Structure formats: structure tokens, C-alpha cells
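The lines below spell out each chain.
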Amino acid sequence: MVRRYITVKGIVQGVGFRPFVYKIARENNLKGWVKNTSKGVYIDVEGTIEKINSFTYNLKHKSPIVSKIEEIIIENRQLVNYKGFKIEKSDREKDTVTLIPPDMGICKDCLRDIANPKNRRYRYPFTNCTNCGPRFSIIQKLPYDRPATTMDKFQMCDNCCYEYMNPLNRRFHAQPNACPSCGPKVELIDNCGYKIICIDPIKEAAKFIKKGKIIAVKGLGGFHLSCDAKNKKAVQILRNRKHRPKKPLALMMKDIDTVKKYCNINAKEEEVITSNKRPIVLLNRKISQLPENIAPNNNKLGVMLPFTPLHYLLFDENIEVLIMTSANPSGMPIIYRNKEAIEILKPIADYFLIHNRDIYTPIDDSVVVVTLNKERVLRSARGYSPVYIDIKNKRNILACGSQLKNTFALSKNNKIFISQYIGNIENLETYNRFENILSHIKKIYNLTPSVIAYDIHPNYWSMEYAARQDIEKIPVQHHHAHIVSCMVENDIDDNVIGITYDGIGYGTDGSIWGGEFLLCDYKDFKRVGHINYVRMPGGDAATKEPWKMAISYIYNAYGNEVYKYMPRVLKDRNIGPVLYMIKNNINSPQCSSMGRLFDAVSAITGYTGRITFEGEAAILLESMADMNENSRYNYDIEFKNEKYIINTNRIIREIIKDINIGTGYNFISNKFHNTLIDFSVEMCNIIAEKYKIYKIVLSGGVFQNEILFKGIYEKLLDQGFEVYTHKIIPCNDSGISLGQIVIAGANCEN
Amino acid sequence: MRVITLAHGSGGRVNSDLISNIFFKHFQNDILMQQNDSSLLQKLNCSKIAVTTDSFVIRPLFFPGGDIGKLSICGTINDLAVSGAKPVYLTAAFIIEEGLNIDTLEKIVVSMAQTAKKANVNIIAGDTKVVERGKGDKIYINTTGIGIIEDDNRILSANNIKGGDIVIVSGTLGDHGICVINEREDLGISVDIKSDCSLLNILTQDILEVSENIKFMRDPTRGGLATTLNEIAELGKISMVINEKDIPIRDEVIGMCELLGFDPLYVANEGKLVVIASRDDAEKVLEAMKKNPLGRDSKIIGEVIDDNRNNVYLKTKIQGTRLLTMGEGELLPRIC
Ligand SMILES: [Fe+3]
Ligand SMILES: [Mg+2]
Ligand SMILES: [Zn+2]
Ligand SMILES: [Zn+2]
């Protein structure tokens, strides 16, 4: 007989870990106990060596799907002759590092329960077990126990209690465990606040959906606005009321067969969309009967499967596809409280399908895409967040993240915590959301930052925020943060060539960057190349109106002959004043942004509107591309001031020549993409040759462009480079906080 | 063409001719004509004297709705008026760049004289200096204003501002700044935007007459409405909530701002007023303002809240809240 004292760290709480330990301990006839603490799970077992070995083998290799073991420490102890095997009460301790598990989509077993008329949870919308259901969104503090969640107010009935106490039950210590007789309840409310009296509010809501009504549905992490996606009129009403003219709307489809009916989906995509994380997956749409106004001018649809029992029940009534867009007026953070929902969404929703299980921490849907057969997270939230990363780091650091698509990061004890997607910090509501989530996480992990990392952009919200904190300050350049975020994710910490293609980031020379080649390590970077500077007439106004960028690029290419070469689509624009602004540098900063180059070419090839969502013009250009065109435009790479500059003038001139001879926009778009791929690869060759670095890291939001991303990746690989890309960390500005925190860690005083 | 030479500022014959033929001729009044080293005034019959000074630098010198002369009088008079003072005297000092057309100078001086007359004040002292070509921008004018406060109780102070008070503006915003940049930059846009440059002393009188409960007034000049509201918030140690949908701005100004990438709330005005009044009197004050031609487009745009962060919150048209900060530095692009 021997005794082993085992500590398990990682995501081991709220994921059925203790019942699992209980089960394998009993199977191996071991005595002792298992206990949850805020430091992890402690196990004390006695038994024969063989049985204990088999126990630890199972512990490592058969743990619950959702759990994630990071570390197992096994110590020998003196025998004490335990009698049975017990699950002991949770301990509260200081210095917490236990990781909070994310929320999970409903599991197959629970789905069976709600579909079975004989089950006591038949059609019960809050059915869950240790393998599924809410976690992160309902946890108020650690350790994760029912009283520390928003389920505290529901007293379990005898049946539920029995399940909860029985280590062999799937609901053993399932903290949100509930049933129709003791748990949360749904209600349907109209937009005057009156309760709709009915037997089954979900059925009733489904009826309204079929009639073309818009329903605000309370999900796991917040409210959605929902309507019948096949009802074009209803979709349009939703768009109008939400002031969201063109941005694609997310869909929820009844089941995987429905997804296959409307989208082309490969095995990897199927695996991702059906996973218990249940993200929104961007899928190639088939030509179908679905109304165009779901995602105008877009080859992709954002689709997810139902992730709570409530969502499954909504689909019962012959509904196949629902719009499920997060419920917030444009630009505002997701709404998650009943009162606030009814107040704010009154002008948008006709009815509210709400319930009394409170959401403590709001969290959006995650968005992922499968590219090069790998899952790539574009928005890390429900099911994915929080994200934890191990790194050597002594100080407690707060990284503020970016202005748009904000996330923040905190570090403690060699561990980095990255928050869920918070949103664009362009209004007070989103800023307050940032503060609330930050203070919640700081409290949960008992963490006080002594260093703050933030973007060097003088007009970003974080500049003022950092100024108010009386701790060590480390400003970080935007694109350096992008590249480092990708380095960390890929576990490389030596020198790399980073390509960042994105919209906008403030450069160390006071200009706006976004088409950059940087030599990077964690500590520092050197800008060795970029796209040529052009002016951004009106600053942000040029981002909102891509035609202004077109004029800027055309002026750069032709100088004073600009009018002679102005393409027809731009002729009726107010060109004079914009040219004047460019020439005389009136509110027209220089930029080297790939995003703005895309905008310009999109405007030259017919995008006439004002941008209503980020990347709109670029997405249109990408979706036009004809993939059979192999040629490209000419460009020049010049060496100036120790930097390689990609001169785009010939590209622009040749595009305009193509337009004048009547070349189709779809060919132009593809040729343009080919050109970007070629100059990117050529730049890498030149820089690699000079600096003897052959590791290339790709980051920045423009890499969401699949043609560009695949093209650059494959060509670089072909030429023998090591190429690193984003997977779990978004390539867009949601990844900035991770880059900032690692750079700050490398630069702060020890 | 007669132009200003260095001699015009040298203190000799040419200099005194200029003074007589231009300044005395147009500014003429008994006190100025004393021609003393300093002008001697009768004792002012009031409880307090208000003094303010301002320098005026603008390109172009003439623009639709005004010129540097009119501006130099309005600016100083308005600073007196918003403090609740009745303007009585002005001084004027000129720094002229060698080469300025004398006819241009005279036009400016005539404009100053007319504006001063309209405001019922005399220009009672002055000075002229000439700087070498290239050392100035045609002409700079400094004016100092003296006003009287007849009733101590009418001294306006930001300390009186309280939660619940109402914020009123006297008309459309951004006209001056946009007019001037359009003229200066020769953008080739024909828009009908005139500077709002005007005297506010009658309007402020109307306001003070109709209500005992005016807390504070200020003219939102450089830095625009947003900057002025921030100054008030800081001075009064209060915060404000402003409703974007209620802020009067001309379509032409919005269009120009969109083109140029400016925020109209940060664009300069030269004849507008921000009034903070008690809630009970707000309607009454608004009505009185609307009766005055300069306040025809007056609007209630928001209210004061008890919040010691001294912030100005803008409720946007799409229900969001933006923090309007002090306009500082360059506007740099932020959106992706
Ligand atoms: Fe970025
Ligand atoms: Mg002044
Ligand atoms: Zn389950
Ligand atoms: Zn129950």
C-alpha cells in the first residue's frame, strides 16, 4: 500500500473533474479524498502501486472533454489508512490561479433529456450537466461552487439535490443544475413590458417569429435579436431598427443538415461548428433561397448551431434558419440584463423571451473561420474565452488592448489571462463594460497590476486611462503588438520578420502605419519595410469614404495629371477639395496602411458607398475576385532611409489602364490580390537575405482576407520560409492585448 | 497703391499722419482726441469693473460675415458681455506687416469703428507698430475691453451651476470656423456659409433681464462648443449630458466637416452663446433668446448632472454615449 498526494492544475473546476476522479478512484479501489481549491484540485489516495498507477494514467488521459490539465504534481506521503473515498468541501485560499472554464453548448445527453417526453426535463430550457451549460458567464467568484454563481438564488429540489450529491450522476456538482420544478423559468414579454400569458412561452415566441416578428432572446452570455432568416421583410425591419444597413447578420441553423443545405462545408468546418464551443463559423454560402439582405455582397455566411436547450426548443416549430445577431444598438456592448434589455431594445424588438437566470459576465458569440484546414478565431468570446497562456513573467501586468475589437490581458505567476471580446471602445457604455469585466477578473484572481501596457496612439482611449494609473507605464507600438501576439501563440521568441497588414496603427514616426515589415523580438522591433506613404484626406473621414483614398492613391500615381486619369466611377465626386487637402496637407496624415490600399482599389473598381462596417469595401473587392486570373500588376521596391518601400504607383496606373480597356472588375480584383502576394513574398526574400532571418510571422486584420492569406502563406512556404499564423488568437485588433502584455513583460523593470 | 512702410511705425511724421488720417478719423471721440500719453477717464459709476484683453490673428483678413476688424471688437465685447458686464470702453493696438495696403487697413479700421459704434462703446486708446516684411501676417490686432457691472448680484460664476440646470446654445455651431477655412484654403467649394461673427451684448442683456437665475454664460470660440462645455464643467465642478440630436448645426457645415474630417463640435464660433440657466427658467430664457435675431435658432441641448468627474457626455443619435473631451492636439485617424 502507498499514499500519493496529487495536485492538478488547469481548467479542472466545473467540468465534472471531481466526479471523474471519484469514479476512477473507486474503479481502482483507492481510498482517500478529492477536493476543489482555488489553487486547483487536490487528490489524496491510498492503494496498491499498480492501482495507483492505473489511476494516475486515467487521470492524465481520460479526463473530461472540457477540462484542460496544465500540471500534475505527485508527492509521496505517509500512509494514514483512509476508510472510503470522499469528495470534500471546497477550500478558499489566497493566490488563486485556478482557471475559470468557458461556457459550453448543450451536450448530447442533455439534448436527449429535453427531447424525451418521459424525462422530467422534457422541454426544459435550462437543462445542463457537468459536460455542458453556463460557467464563465454565471461565476461571481472562485472556487466555482453554486453559491458563487447566479444560480445561488434557486434552491434545488430533492431530485436535483440527489443528482448533485451523487458522484456517479452526470449532474454531480453541476453547479447550474436545475429542473422545471426548482430552476429558472422563461417568460415572454411584449415591448410594452406586459407578460404574454401562455402555456409555453418558447412555442409562443416561435409563432411570433413565423409571423415575421422580431424577438429579443436571452441566451448564455447576453441577448440576441432574432427573426425568421427566410423572411426578407423581417430581416429588413430588423436592419432598419438596429441601424445596421449592410453588416452581415449571424445565423443560427436548426441542425448540421440545414447548414449543409445552405453552405459548402468541409470536414474541419463541420467539426468546429458542432463542437461544444458552438462558435459562429464563417462558411461559403451556396446559391440558395436565403434572402440576400442577410449578408449583402458577401460570399460567406456566419452560421452557428443552437447552443442552449432554449435555442433548440425555438426550432421546434418548423423554423429552419434564424437571424441571431447580438442585441445591442450599433456600436454598443451586448445587453445582458432583463431590465436593460426591455428598456433599450424596445424600439427594436417586438417581444422578449427572457428568463430569471442572471448573467453575471456578459459575453458575445465567438466567430471563427477555417482557413488552410485550421480553425482560426476571429472573435474570441463564448466557449473560447477566457484564454490562458503560460509565459515566464514576474510582474503583474495589465495590457489595455486596442481601441477597436478590444480585449484586455492580465498576467500573474507566469500566466496570462486574455479577456473575451469587449467591443469598440468608442463610447462610454463599452468603456464601462471594459472596466466592469476588468474589475471582476482582478477580483477573482486577486490581482493588482503593477505595470500597465497600452498603445502609443495619442488619441486612443487607453492613453488617458494609463495616465490615470499610478504604476509603471509601458507604451507599445500597435504592429509590434500584432506580431508578438502571433509569436507567443506559436511559441517562438527569437527574431522574426513580421508582416502586419491592417487598417490603422500609430507609428513611431507620427504617421499611420498598416502595411509593415518589422524585424521583431519580444523586446523591440525595427521597421525595415512598408507600403509607400499616401495622404489620408480628412483622417478617419477617408476610412469612412473609400473614394477619398482612391483619389489619394491616384494623385500619388499621376501627380497633377490626376484628372486625366480619373476613372469614371469617381468623376462625379467632390474631387477638387479632396485633392486640395491632400496637396496642402489639411487634416491629411500620411499612411502606409494595407487596409486603405484595399479601400482605394475597391473604390476604383466600383465601391461607391460610405463604409457601414469595418472592412466593407475590402470584403467586396475580395468577393469579386475571379480565381482563374494568374497575372499581376507591376510594382517597384525602393530602398530609402534604410527601409524597403513598396511603391504602388505602377499598380494603380495599370489598374486604371485595365479599367480603360474594359477589363472586368473580377479580373482586376484577382490581379490585385496576386500583386500583393507577390510583393509580400519578394519583400520577405529581400529582407531575409539582408538580415538572415527566415521565420515569417503574419498578423493584422487584413489577413482575414482568405486569398491574400493563403497566397502569401503558401508561396512563402514554397520558398522555404518558416511561416507562423494565428489560430487561437485573432489576427485582428483583439490580439493586441496579448502582444502588449508580452512586450511589456520583456521591457519592464524586474 | 499706398502701402504701409516701416516709417509708418517709426514715430515720425508719416506715423502721425497715419494715426490722424486713419485711426483718429474713424475712431473719433472726446477721450481719444485728448491725445495724451494716457487717456483719462471719469470715475465709472458701478460696483465692479470688468477688464478683458484678446489678440486677433486670422487668415484671410476678410471673410463672408466679417473681417479681422469686426472680429477684434466682437471678440472682446463678447467676453465682457458673457461675464454680465456692460461694455463701455475699448483700446486697440495694431501690429502691421510692412507692405500692407493702406486701403485695406482703412477698411479694417472702418469696420472696427462701425462695430464699436453698434456696441455703443468708444475706442479710447491705441498703438501702432510696423514689423518687417515676412515678420508678421499682414496685421495683428489686440483689443482690451472695459465693462461695468452695475449690480453685484448679476455676477455670473460657474460655482452657481447645479445638477438639473439647463444648457442652451444661441444658434447653429461651427459656421465661423468652417467659413474661414473654406475662404482661406480656397477649396473651390461654393457653399453658403457665413461667419457668425457678431456682438452678443444685447442678447446677453435680454437674457439677464428675463431671468434672475442665469448661472453662467460663455461664448464658444476657439475649440468650439465641446471645449467650452468642458471648461464650464471643470470650473463648475459638475458634468453635463448633451443630446447630439438637439445641437443645431447647418447641413452645409455638417457636409464640410464630413469632407474635411472635422468634428463640428470642435469648430470655432464668433457669435454664439452657451447659457446655463436654472431648469425653472429655461423655457422663459429660451423664448427671450429666440426673440433676438442673434438667438433665433436657440436650442436647449442638454442638462447639468451632479457628477464630480467634470465630464461632458454626448448622447449620440444611436443611443450611445461619447465622452466629449477637451479639444487638444491633432485629430488622428483611429478607425480601422
Ligand atoms: Fe491592427
Ligand atoms: Mg479673451
Ligand atoms: Zn449536458
Ligand atoms: Zn429540481
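None of these values were measured; they are calculated from a predicted model.

The next subject is the overall build of chain B. Along its length, chain B carries nine helices and 13 strands. Compactness check: chain B gives a C-alpha radius of gyration of 21 Å against a globular reference of 20 Å for 336 residues, within 12% of the reference. Projecting the C-alpha coordinates of chain B onto the three principal axes gives extents of approximately 65 × 55 × 35 Å. The buried share of chain B, taken over its 336 residues, is 54%. Restricting the contact set of chain B to residue pairs at least 6 apart, pairs at least 24 apart contribute 85%. With 37 positive and 46 negative side-chain charges, chain B shows a separation of 1 Å between the mean positions of the two kinds.

A few words now on the domain arrangement of chain A. Residues and elements named next belong to chain A. Taken as a whole, chain A is organised into domain 1 (2-87), domain 2 (186-367) and domain 3 (512-521 + 528-724). Contacts between domain 2 and domain 3 engage eight residues on the former and nine residues on the latter. In this structure, the connection of domain 2 to domain 3 is made through two salt bridges. One salt bridge in this structure joins Lys246 and Glu616, with 3.0 Å as the shortest N-O distance. Along the contact surface separating domain 2 from domain 3 lie three residue pairs in polar contact (both at pLDDT 80 or more). For the side of domain 2 that touches domain 3, the class distribution of residues is two nonpolar, three polar and three charged.

A few words on the environment of B:Ala268. Residue and element names in this part refer to chain B. Along the chain, the position of Ala268 falls in the loop between α8 (251-260) and β10 (274-277). Linking Ala268 and Met33, residues 235 residues apart in sequence, is a C-alpha distance of 36 Å. In this view, Ala268 contacts Gly174, Asp175, His176, Gly177, Pro220, Thr221, Arg222 and Gly224; residues no more than four positions away in its chain are not counted.

Attention now goes to the coordination of the zinc ion (ligand 4). Residue and element names in this part refer to chain A. Around the zinc ion (ligand 4), the protein supplies Cys157 (SG), Cys160 (SG), Cys179 (SG) and Cys182 (SG) as donor atoms, at distances of 2.2 to 2.3 Å. Counting the intervening residues between successive donors of the zinc ion (ligand 4) yields the motif C-x2-C-x18-C-x2-C. Cys160 carries the same exposure label as Cys157, and that label is buried.

Further remarks concern the UniProt feature "active site" (unreviewed entry) in chain A. Residues and elements named next belong to chain A. As annotated in UniProt, the feature "active site" (unreviewed entry) corresponds to Arg18 and Asn36 in the numbering used here. Taking the farthest pair of C-alpha atoms as the criterion, the annotated set spanning 19 residues converges on one region, since that pair is 7.8 Å apart. Structurally, Arg18 is set in helix α1 (residues 17-27). Arg18 has contacts with Val34, Lys35, Asn36, Ile87, Glu88, Ser90, Asp145, His173 and Gln175, leaving out every residue within four places of it along the chain.

For a regular strand, side-chain orientation follows a simple rule: the groups alternate between the two sheet faces. All names here are of chain A. Pairing of strand β10 (residues 263-264) with strand β11 (residues 280-285), which is carried by two bridges, proceeds in the antiparallel orientation. For Asn264, the partnering residue across the bridge sits in β11 and is Asn284. Judged from the three bridges that link them, β11 and strand β15 (residues 367-371) form a sheet pairing that is parallel. Paired with Leu282 across the bridge in β15 is Val369. As judged from the four bridges shared by β11 and strand β12 (residues 300-304), these two strands associate in the antiparallel manner. What sits directly across from Leu282, in β12, is Gly302.

Another point: the packing of helix α15 (residues 546-558) of chain A against helix α18 (residues 594-604) of chain A. All names here are of chain A. Where α15 meets α18, the axes come as close as 7 Å, and the angle between the chain directions of the two elements is 95°. Our classification of the angle between α15 and α18 gives roughly perpendicular. The segment α15 lies against α18, with Pro546, Trp547, Met549, Ala550, Tyr553 and Ile554 engaging Arg596, Leu597, Asp599, Ala600, Ala603 and Ile604. Across the contact of α15 with α18, the residue classes break down as ten nonpolar, no polar and two charged.

So, about the domain arrangement of chain B. Residues and elements named next belong to chain B. Per the domain assignment, the segments of chain B are domain 1 (6-154) and domain 2 (158-323). Across the boundary between the two partners, domain 1 contributes 20 residues, which contact 23 residues of domain 2. When residues of domain 1 are sorted by the area they lose upon contact with domain 2, Pro64, Val82 and Arg154 head the list and together hold 32% of the total. Put simply, domain 1 and domain 2 have five residue pairs in polar contact (both at pLDDT 80 or more) between them. Contributing elements (two or more residues each) for the side of domain 1 that touches domain 2: α3 (68-82) and α4 (102-118). Looking at the side of domain 1 that touches domain 2, the element that brings in the most residues is α3, giving eight residues. Partitioning the side of domain 1 that touches domain 2 into residue classes produces eleven nonpolar, four polar and five charged.

Ranked by internal contacts, the top residues of the largest apolar core, which has 147 residues, are A:Tyr501, A:Phe672, B:Phe94 and B:Ile139. The element best represented in this core is helix α21 (residues 665-691) of chain A, accounting for ten residues. B:Phe94 has contacts with B:Phe23, B:Phe27, B:Val109, B:Met112, B:Asp127, B:Thr128, B:Lys129, B:Ile139, B:Tyr140 and B:Ile141, leaving out every residue within four places of it along the chain. Formed by 94 residues, the second largest nonpolar core is a distinct cluster that contains A:Ile138, A:Tyr312, A:Met324 and A:Leu438.

Glancing now at the UniProt feature "domain: PurM-like C-terminal" (unreviewed entry) in chain B. Annotation from UniProt places "domain: PurM-like C-terminal" (unreviewed entry) at residues 164-314 of chain B. For the annotated span residues 164-314 of chain B, helix accounts for 36% and strand for 19% of the residues, and the straight-line distance between the end C-alpha atoms is 16 Å.

Residues and elements named next belong to chain A. For helix α6 (residues 232-242), the set of buried residues is Ala234, Val235, Leu238, Arg239 and Lys242. Projected down its long axis, α6 carries its buried residues within an arc of 140°, all on one side. Exposed residues lying more than 90 degrees from the buried face of α6 are Lys232 and Lys233. In this fold, the buried residues of α6 make contact with β8 (223-228) and β13 (321-326). Put simply, Asn231 is the residue that caps the front of α6, since its side-chain oxygen is 3.1 Å from the backbone nitrogen of Lys233. Looking one or two residues past α6, His243 carries a phi angle of roughly 55°, positive in sign.

Listed by partner, the interface residues are 27 residues for chain B and 44 residues for chain A. Both faces considered, chain B and chain A share a buried interface measuring about 2900 Å² in area, 60% of it formed by carbon and sulfur atoms. Linking chain B with chain A are one salt bridge. Counting across the chain B and chain A interface gives eleven residue pairs in polar contact (both at pLDDT 80 or more). Broken down by secondary-structure element, the contributors of at least two residues to the side of chain B that touches chain A are α5 (175-185), α8, β12 (312-315) and β13 (321-324) of chain B. Residues of the side of chain B that touches chain A, tallied by class, amount to 14 nonpolar, five polar and eight charged.

On to the UniProt feature "domain: PurM-like N-terminal" (unreviewed entry) in chain B. Under the UniProt annotation, the feature "domain: PurM-like N-terminal" (unreviewed entry) is placed at residues 45-149 of chain B. Split by type, residues 45-149 of chain B is 30% helix and 44% strand. Its first and last C-alpha atoms lie 9 Å apart.

So, on to the packing of helix α1 (residues 13-27) of chain B against α4(B). Residues and elements named next belong to chain B. Their axes nearest at 8 Å, the elements α1 and α4 cross at an angle of 25°. It follows from the interaxial angle that α1 and α4 lie roughly parallel. Of the two possible hands of crossing, α1 and α4 adopt the one that is right-handed. Of the residues in α4, those touching α1 at Leu18, Asn21, Ile22, Phe23, Lys25, His26 and Phe27 are Ile102, Leu105, Glu106, Val109, Val110, Met112 and Ala113. For the contact of α1 with α4, the class distribution of residues is ten nonpolar, two polar and two charged.

This part covers the packing of aromatic side chains. Overall, the coordinates contain 28 aromatic pairs over all chains when judged by the stated rule. A centroid spacing of 4.7 Å and a plane angle of 35° characterise the contact between B:Phe23 and B:Phe94, whose relative ring orientation is tilted. Of the two residues, B:Phe23 sits in helix α1 while B:Phe94 sits in strand β4 (residues 86-97), which places them 71 residues apart along the sequence. Judged by its relative accessible area of 2%, B:Phe94 falls in the buried class. Members of the aromatic cluster, connected to one another through ring pairs, are A:Tyr388, A:Phe408, A:Phe417, A:Tyr431, A:Phe434, A:Tyr445, A:Trp461 and A:Tyr465. In this arrangement the basic side chain of A:Arg379 is found over the ring face of A:Tyr421, its NZ or CZ atom lying 4.6 Å from the centre.

Here is what the cut-offs are and how they apply
Residues numbered from 1 in each chain as written. Chains lettered and ligands numbered in written order. Predicted model: local features only at pLDDT ≥ 70, side-chain atom pairs only at ≥ 80, totals over all residues. Heavy atoms only, no water. Helix = DSSP H or I, 4+ residues; strand = E, 2+ residues; numbered from the N terminus. Rg over C-alpha atoms; globule rule 2.2 N^0.38 Å. Buried < 20%, exposed > 50% of the residue type's maximum accessible area, 1.4 Å probe, protein only. Contact = heavy atoms within 4.5 Å. Lys, Arg positive; Asp, Glu negative; His and termini not counted. Charge placed at Lys NZ, Arg CZ, Asp CG, Glu CD. Domains from an automatic or database assignment. Salt bridge = Lys/Arg side-chain N within 4 Å of Asp/Glu carboxyl O. Polar contact = N/O pair within 3.5 Å; in protein donor to acceptor, adjacent residues only side chain to side chain. Nonpolar A, V, L, I, M, F, W, Y, C, P; charged D, E, K, R; others polar. Donors = N, O, S within 2.8 Å, 3.2 Å for Na, K, Ca; no water. UniProt positions renumbered as here; feature names shortened; annotations may be inferred. Pairing = 2+ DSSP bridges. Axes fitted to C-alpha atoms, helices over the stretch in contact; angles between N-to-C directions. Parallel < 35°, antiparallel > 145°, perpendicular 65-115°, else oblique. Buried area = accessible area lost by both parts, 1.4 Å probe. Core = buried A, V, L, I, M, F, W, Y, C linked by side-chain atoms within 4.5 Å. Arc of directions from axis to C-beta. Left-handed = near helix turned anticlockwise from the far one by under 90°. Phe/Tyr/Trp six-rings, centres within 6.5 Å; stacked < 30°, edge-to-face > 60°. Lys NZ or Arg CZ within 6 Å of the ring centre and 35° of its normal.

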